[in-house]
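Residue strings, one per chain:
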Amino acid sequence: MKKIQMFFLIFLGLPVTTFYAQAATINIYCPKQKVRTEITTPLPSGWWQTPQVGSLLNTEVKNLAGKPTIFCKYWAYGRKVSVMKKVPRGYICHAVNKHIQCTKLQIRPAFALSGTWYGTANTRSMTKLKIYKAGSRVKVHAWGKCHPSDCNWGVKNAYVINSKKIEVFWDQGFVRRRMVVRKVGLNRVKVRTFSHYADGSGRADKVTVEYMHKQHP
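Along each chain, the written sequence defines residue order, and numbers are assigned to residues from 1. Per-residue local features are limited, in this predicted model, to residues with pLDDT of at least 70; the limit for side-chain atom pairs, both in listing and counting, is 80 or more; totals at the level of whole chains, interfaces and linings are taken over all residues. Working from all heavy atoms in the structure, the side-chain values ignore hydrogens and water.

> Looking at this structure, how should I read the side chain of Thr123?
Inspection of the secondary structure assignment puts Thr123 in the loop between β9 (115-118) and β10 (126-134). Between N or O atoms, a polar contact is any pair within 3.5 Å; within protein, one atom must be a potential hydrogen donor and the other a potential acceptor, and residues adjacent in sequence are included only when both atoms are from side chains. A polar contact of 3.1 Å, which involves the side chain of Thr123, links it to the side chain of Glu210. Here a residue-residue contact requires only that any non-hydrogen atoms of the pair lie within 4.5 Å. Apart from residues lying up to four places away in sequence, Thr123 is in contact with Lys145 and Glu210. Helix numbers and strand numbers start at the N terminus; a helix is a DSSP run of H or I with at least 4 residues, a strand a run of E with at least 2.

Here it is as structure tokens:
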């Protein structure tokens, strides 16, 4: 006698309900506390099945076909049957008693200043800036216009104002500089440098503004 394959049909009635607890967190509750299950495979004449009512047992979040999925587990026919729902896009979810709590992913914008930036061919100030991340730090390696070869200013830690703007200070003995680098285009940054001369020469403070590019212009 062939074994009758059993499939469970759960009558949900209402869609899964979502309640907003706060701006970054939502609570997702299972659609029903009890569900009715029955065999949907056609049975031979003279055979019947009594639908069962199963109570909600617990919830779980796990991967299904590589995608995070919410499971509401009910008791039926001596085993657990589940109602499933995909985790909302952009959230991380976990089970809390008999419901699901989901927290919004705080996605930080990519750091837009990484790379090597070049001054114009006729610049009298900065010829090259290399900006890169080293662990939790952002570092700046700078070169200034000198003759016969560019002056290597060395490497300094930058203060990150946001993903598109940094500030870095250079103490070169005779002059102290405050440099602000801001992304202003796809391959373009604006560099504003404030220079204070401390060599007793009496030179006035100076502000230079220039634009640098990812590739040589």
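> What exactly am I supposed to notice about the state of the cysteines here?
A covalent bond between the sulfur atoms of two cysteines is referred to as a disulfide. Two cysteine sulfurs form what is called a disulfide whenever their separation falls within 2.5 Å. Tallied over the entire structure, the rule returns three disulfides. In this model Cys30 forms its disulfide with Cys72; the gap between the sulfur atoms is 2.0 Å. Disulfide Cys30-Cys72: torsion about the S-S bond near -95°, hence left-handed. Placement of the pair is Cys30 in the loop between β2 (25-29) and β3 (34-37) and Cys72 in strand β5 (residues 67-76), with a sequence separation of 42 residues. Here Cys30 and Cys72 have matching classes, each one buried. Across the disulfide from Cys93 sits Cys102; the S-S distance is 2.0 Å. Looking down the S-S bond of the Cys93 and Cys102 bridge, the torsion is 110°, so its handedness is right-handed. Judged by its relative accessible area of 0%, Cys102 is buried. With its bonded cysteines labelled in order along the sequence, the protein chain shows the pairing 1-2, 3-4, 5-6. Using a 1.4 Å probe on the protein chains alone, a residue whose accessible area is under 20% of its type maximum counts as buried, one over 50% counts as exposed, and one in between counts as partly exposed.

> Explain the nonpolar core here, please?
A general tendency of soluble globular proteins is for nonpolar side chains to be buried together. Residues grouped as a nonpolar core are buried Ala, Val, Leu, Ile, Met, Phe, Trp, Tyr and Cys residues, joined through side-chain atoms within 4.5 Å. Leu129, Ile131, Ile166, Met179 and Val181 are the most contacted members of the largest nonpolar core, which totals 19 residues. Elements supplying a minimum of two residues to this core: β10, β11 (137-144), β14 (165-171), β15 (175-185) and β16 (188-197).

> Help me out: how do you make sense of the pattern of salt bridges in this one?
A side chain with one charge may pair with a side chain of the opposite charge, provided their charged atoms come close. Any Lys or Arg side-chain nitrogen located within 4 Å of an Asp or Glu carboxyl oxygen qualifies as a salt bridge. Evaluated as defined, the whole model comprises three salt bridges. In this structure, the salt-bridge partner of Lys73 is Glu60, at a minimum N-O distance of 2.4 Å. Separated by 13 residues along the polypeptide, Lys73 in strand β5 and Glu60 in strand β4 (residues 52-64) bring together distant segments of the chain. Look at Lys73 and you get buried, because its relative accessible area is 14%. Looking at Glu60, the relative accessible area reads 28%, which means it is partly exposed. Here Asp199 and Arg203 are joined by a salt bridge, their closest N and O atoms 2.9 Å apart.

> I tried to follow the side chain of Thr59 on my own but got confused; where do I start?
In this structure, Thr59 sits in strand β4. Accessibility expressed as a relative area gives 9% for Thr59, which makes it buried. For Thr59, the side chain forms a polar contact with the main-chain oxygen of Asn97, separated by 3.4 Å. Within the local environment of Thr59, its side chain forms a polar contact with the backbone oxygen of His99, the two atoms lying 3.3 Å apart. In this view, Thr59 contacts Cys30, Phe71, Cys72, Ala95, Val96, Asn97, Lys98, His99 and Ile100; residues no more than four positions away in its chain are not counted.

> What's the story with the pairing of strand β8 (residues 99-104) in this structure? I'm lost.
As a general feature of sheets, a regular strand has side chains that alternate between the two faces. A pair of strands is treated as paired once DSSP finds two or more bridges between them. Across five bridges, the pairing between β2 and β8 is antiparallel. Residue pairing in the sheet places Thr25 in a bridge with Thr103 of β8. Where strand β7 (residues 91-96) lies against β8, six bridges are found, and the strand directions are antiparallel. Bridge assignment links Val96 to a residue of β8, and that residue is His99. Between β7 and β8, which pair antiparallel and follow one another directly, the connecting turn spans two residues, one of which, Asn97, has a positive phi of 55°.

> It is not clear to me how the sheet that holds β3 should be interpreted in this structure. Could you clarify?
The strands making up a sheet are joined through hydrogen bonds of the backbone, oriented either antiparallel or parallel. Taken together, four strands build an open sheet; the order of strands is β3-β4-β5-β6 and the sheet is antiparallel. With partners counted over all chains shown, the strands left at the sheet margins are β3 and β6 (79-86), one partner each. Recorded for the sheet is a direction-independent mean angle of 45° between the axes of neighbouring strands. Where β4 meets β5, eight bridges bridge the pair, whose relative direction is antiparallel. Residue pairing across strands places Asn58 opposite Lys73, the latter belonging to β5. A fitted line through C-alpha atoms serves as each axis, taken over the contacting stretch for helices, and the angle formed by two N-to-C directions is quoted from 0 to 180°.

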